[in-house]
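For reference, the chains in residue letters:
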Amino acid sequence: MTLQETELAARLAKIKGAEVIKSFCYTCPWQCPTEVFVRDGKIVYQKGNPDSPNNIGSRCAKGMASWYVSQDPDRLKKPLLRTNEKKKGVTGEFKEIGWDEAFAFIADKLRFIAEKWGPEAVALTCHHDPNTIFYHHLLKDLYGSPNMYAHTSGCEQDRRAACLTLFGHVFPMHDFVNSKYVILWGMNNLGANQGLWESRALLEAKKKGCKLVVVDPNFTETAQKADEWIPVQPGTDGALALAMCKAIIDDKLYDEDFVSKYCEGFDGFRDHLEKHGYTAEWAEPICGVEAATIRRLAREFAITKPAMSAIFKGSGYYTNGADAGRACYILDAITGEVDKPGNLYLKDWAPLGAPVSIPKKAQAKIKADPLHVAMGYPLAPDLPNSKLPDAVIDGKPYPVKGLFVHSTNPVMSDPNRDRVIEMFHNLELGVACELFLSETALECDIVLPETSFHEQAEIRQGMWLGPEVILCQPVVPRVGASKPPYEIVKGIAEKMGWGEHFPYETWEDWGELMMKDVPMSLDELKEKGFWAGEIRYNRVPEGLPTPSGKIEIFSSEYEKAGFDPYPIYTERSVLPDDDYPLQVTHSKFSMHCNIVTQNNPLLMEVCGENWVEINSVDAAKYGIRDEAMVVVESPKDAITIKAKVVEGLVPGCVSIRHGHGFGHWAMGQTAKGKGAHSNNLMDTHTNPITGANCYNECKVRVRPA
Ligand SMILES: Nc1nc2c(c(=O)[nH]1)N[C@H]1C(S)=C(S)[C@@H](COP(=O)(O)OP(=O)(O)OC[C@H]3O[C@@H](n4cnc5c(=O)[nH]c(N)nc54)[C@H](O)[C@@H]3O)O[C@H]1N2
Ligand SMILES: Nc1nc2c(c(=O)[nH]1)N[C@H]1C(S)=C(S)[C@@H](COP(=O)(O)OP(=O)(O)OC[C@H]3O[C@@H](n4cnc5c(=O)[nH]c(N)nc54)[C@H](O)[C@@H]3O)O[C@H]1N2
Ligand code: SF4
Ligand SMILES: [Mo]
C-alpha cells in the first residue's frame, strides 16, 4: 500500500461503526448543515450534509477543524466570579463558583438594577448568537428591557439599513447561480465566505459565462477570480454608484415599466442626480475610476440580464457608508433586477415558532425607548455599539448598568479598545457568556461557561436562498460544568421567580414548540437535519413591507428621521494627511472566522498570525520590506505587525488582514500572543444615520520596526 492508501485505511477504520448525527456547523455565521461521525464520545469525522440544498455536502477548512473546540483544554469549565476590583490596568482575577451561586448572584444584581435604574438599564449584545433567543425571553419579555441587541453595527449595519429602507427586507440573499452579471462592492465571498452555497454558486455562474466585477481597493481572493477588478479609492463607492445610476438613467437604460409600477420616487431621483451633478466626470477624481469605465460598467450592468449589484460591509465602515450602500442597491432597483432569478433575492423565512410561550399577562410592560432610538439613531437596525460606553460611563441617553455579552468579544472586535474596557469597569453587572476566558470576560463581574455547538441543541433559520430550518444536536459530552443557554436562562429565571415560563426538561420539549408550524416533525428533522421550503421569485408586485409597499428609492423613513430621502455623496470624516498619509482598510482570512477560530491549533498552524498589506510604491517610499516587522501608528495608538508588500492594493491605502482577531492577551494558550491587535488604532467614529462602527475612518503612518 502507498502512504496515502495506508492513511486512508487508517481514517476509514476510525470512522467505521461511528454514529452519524445530523447537525450544523456554527464556526461562522453561515451554519452549514453537517453530518457528524461520533465514536466513544468524540467527533471522529465531519462532512457536509449531502442532501441539504444549503451547502450540498461541502464544508470549509474551518468547519472541518471545528471538532477541536469540543476537546479544547482551554475551554471554561466552571462559572467564574470576579474577586478583585475592576480598574484600569488591573487584570481580572476570578474564583470558581457553582451554578446555583452564579444564578443567585445574577438574579440579585438584576433586581437591584431594576429597582435603582429601571429594567432598561440592562442590555444584551451578541454576535455569533447560538440560542441567544432564550436570553431575550428572560431579559425582554419578563424583565422588561427593550435593549436586546446583536453586533450588527460592527458588521453589516449599513447594508442592513439600506435593504430595510429600500426593500423592507432584513437580509437579502444572492442568487448568483442564475446571474449573468454580478458586481460585488467590497464583498470577498471567495475569501471570507458567506455560505458555501454562495461561493459555489458564484464559481458555477462564472463557468456558465457570468461576468464578475469586483469593486474593492484590495485585489482580494474574489477579485483574483473576477473578470474585472475596479480598484476603487476607499470610502468612495457612493460616488461611483451614484454616477452609474445617472449614466443608466441618462442613457434611458433603466426599466421604465418596473420603476413606474414598483419603485417610489424614481422621477425625484433623476432630478436629484441632475441637481447634484453626479456625473461620471464628477465621480472620476473622487473614486479613481475613469469616467469612460464608469459609463461602460453602467451600460453593461443595465443591458445584461439577469444582473446583481451586491454589497455586504466593504462599502460600509465609513461615515458615508449608509448612502453608498443605498446607491449600490438602487442600481438593482432602476434596472428592474430585484427578486428574479439571478438577482438580489428577498428570502422567505421558515415558520419557526418561539421556544417558550409566555402569556401576555405575565409579560413585562416596556416603558423606555430602546437605546438606539434614545441615542438618536431611529434608523439603526441594531445598537450603535460604539455609543454604548456613553450610556454606561456617562449615563447618556440613560444609564446602562448591566450588560450580558453573549458570544461576542467587544474588547477585541470593537474600535477604541480603551473606551470599551472602561465601559466594562463602570458596570454593576457585566456577564460574559463564553467558551473561553476572553479579553472581554476578563473585564466582567461574572463569566458563564457555555457549551459549544457540538454539545448543545439549536433549531434556527438556515441561511440558504429558500426558507430553511436547520438543526444542531448535542453530539459529544459537555466540557466541564458548561451549560447551554437554555439551561442557564432557566436557572436565572428560577431565581427570579419566573421558572414556570421555562418549563422544559429536555431540549426536545422546546424543540417541539418551535416546530409546531413547520411542515415537518421534530423526529423527522432529527433524521434529516434540515427542512427546506420552496424558492419563490418575483414577489415585488405582491407589495413589500416598506411604508409605501414599493421599493423606496425615495425613503420616507430617511425623510422622517431628518435625512435626505435620496442618497447623497459626502466625503468620509477622516482623510490621510501629511502626518498620517495612509488610509486603513480591513479584510478577513479564509482560514479563520473572526475571533472564534484563534485557539484552534490546526488552523493556527496554517495561518498563525496577521499582517498589514502595503502597496510596493508606498513600501519603497517608507522603507518597508516584505515580511519585515513594521510599526503602524495612528493618532491614537501604535502596533508592531508583519508587513506584506503587494501590487494589488490601491496606493495610499493599507489593508490590515484580520486585525481584530489576533494579538490576544487572553483566550487560550494557542491564541495568546500571536500577531497584533489593531482595533485600538481606531477612535470612535459612528455612522450618523445607521450607527455603524466606522472601522476604516482611520489614518496611519508606517515605518520599519
Ligand atoms: N473565512 C471567513 N469567512 C467569514 C468570516 C471570516 O472571518 N473568515 N467572517 C464572517 C463575517 S462575520 C462577515 S461580516 C463576512 C464578511 O465578509 P466580507 O465583507 O466579504 O469580508 P471582509 O474580508 O471584511 O471584506 C471587506 C472588503 O471590503 C474591502 N473594502 C474596504 N474598504 C472599501 C471601500 O471603501 N469600498 C469597497 N468597495 N471595498 C472596500 C476590503 O478591501 C475587503 O476586501 O464574512 C463571514 N465569513
Ligand atoms: N478591525 C476590524 N474589526 C472588526 C472587523 C474587521 O473586519 N476589522 N470585523 C467585524 C465583524 S464583521 C464582526 S461580525 C465582529 C465579530 O466580532 P465579535 O462580535 O467579537 O464576534 P466573534 O469574533 O464571532 O466571537 C467572539 C466570541 O465568541 C466566543 N464564542 C465562540 N463560539 C461561541 C459559542 O458557541 N458560545 C458562546 N457563548 N461564545 C462563543 C468566542 O470565544 C469569542 O470570544 O468583529 C468586527 N470587528
Ligand atoms: S462555511 Fe462556516 S458554517 Fe460552513 S463549514 Fe465553514 S465555518 Fe462551518
Ligand atoms: Mo460580521
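What counts and how
- Residues numbered from 1 in each chain as written.
- Chains lettered and ligands numbered in written order.
- Predicted model: local features only at pLDDT ≥ 70, side-chain atom pairs only at ≥ 80, totals over all residues.
- Heavy atoms only, no water.
- Pairing = 2+ DSSP bridges.
- Helix = DSSP H or I, 4+ residues; strand = E, 2+ residues; numbered from the N terminus.
- Axes fitted to C-alpha atoms, helices over the stretch in contact; angles between N-to-C directions.
- Contact = heavy atoms within 4.5 Å.
- Near = heavy atom within 4 Å.
- Nonpolar A, V, L, I, M, F, W, Y, C, P; charged D, E, K, R; others polar.
- Buried < 20%, exposed > 50% of the residue type's maximum accessible area, 1.4 Å probe, protein only.
- Right-handed = clockwise from strand over helix to strand, strands pointing away.
- Arc of directions from axis to C-beta.
- Salt bridge = Lys/Arg side-chain N within 4 Å of Asp/Glu carboxyl O.

S.K.: Explanation requested: the sheet that holds strand E6 (residues 122-126) in the structure shown.
M.R.: The strands making up a sheet associate through hydrogen bonds between their backbones, and the pairing can be parallel or antiparallel. Spatial strand order, E5-E4-E16-E15-E14-E6: six strands in an open sheet with mixed pairing. Only two strands of the sheet have a single partner each, and these edge strands are strand E5 (94-96) and E6. For this sheet, the mean angle separating the axes of adjacent strands, direction not counted, is 20°. As judged from the five bridges shared by E6 and strand E14 (residues 402-406), these two strands associate in the parallel manner. Bridge pairing links Val-122 to Gly-402 in E14. In the packing of helix H3 (residues 99-117) onto the sheet, contacts are made with strand E4 (80-82), E5, E6, E14, strand E15 (429-434) and strand E16 (446-449), and the angle to E16 comes to roughly 130°.

S.K.: What's the story with the site of ligand 3 in this structure? I'm lost.
M.R.: Looking at ligand 3, the residues that line it are Cys-25, Thr-27, Cys-28, Gln-31, Cys-32, Arg-59, Cys-60, Lys-62, Gly-63, Asn-193 and Leu-196. Classifying every residue of the shell around ligand 3 by side-chain character gives five nonpolar, four polar and two charged.

S.K.: Before we go on, may I ask you to explain the pairing of strand E9 (residues 211-215) in this structure?
M.R.: Consecutive side chains along a regular strand alternate between the two faces of the sheet. In terms of burial, E9 is a largely internal element, five of the five residues being buried. Looking at chain direction, strand E8 (residues 181-185) and E9 are connected through five bridges and run parallel. Among the inter-strand pairings, Leu-184 is bridged to a residue of E9, identified as Val-214. Crossover E8 to E9 through helix H6 (residues 196-207) is right-handed. Where E9 meets strand E10 (residues 228-230), three bridges bridge the pair, whose relative direction is parallel.

S.K.: What's the story with helix H11 (residues 280-287) in this structure? I'm lost.
M.R.: For an α-helix, 3.6 residues make a turn, and residues three or four places apart therefore share a direction. By the burial criterion, the buried members of H11 are Ala-280, Ala-283 and Cys-287. The arc that holds the buried residues of H11, viewed along the axis, is 60°, so those residues lie on one side. Here the buried face of H11 lies against helix H8 (237-250) and helix H12 (291-303). A positive phi of about 80° marks Gly-288, the residue just after H11.

S.K.: Please explain the pattern of salt bridges as it appears in this structure.
M.R.: Should their charged atoms come close, side chains of opposite charge can pair. Scanning the entire structure with this criterion turns up 44 salt bridges. A salt bridge links Glu-35 to Lys-47; the shortest N-O distance between them is 3.0 Å. Here Glu-35 is found in strand E2 (residues 33-39), whereas its partner Lys-47 is found in strand E3 (residues 42-48), with twelve residues between them in sequence. Given a relative accessible area of 27%, Lys-47 falls into the partly exposed group.

S.K.: What exactly am I supposed to notice about helix H17 (residues 417-425) here?
M.R.: All buried positions along H17 are accounted for by Arg-417, Val-420, Ile-421, Met-423, Phe-424 and His-425. At its buried positions, H17 is contacted by helix H15 (388-394), E14 and helix H16 (410-413).

S.K.: Explain the side chain of Ser-145 to me, please; I cannot follow it from the model alone.
M.R.: Looking at the element boundaries, Ser-145 is found in the loop between helix H4 (132-142) and helix H5 (157-167). Look at Ser-145 and you get buried, because its relative accessible area is 0%. Beyond its immediate stretch of four places on either side in the chain, Ser-145 contacts Pro-119, Glu-120, Val-122, Leu-139, Lys-140 and Ile-366.

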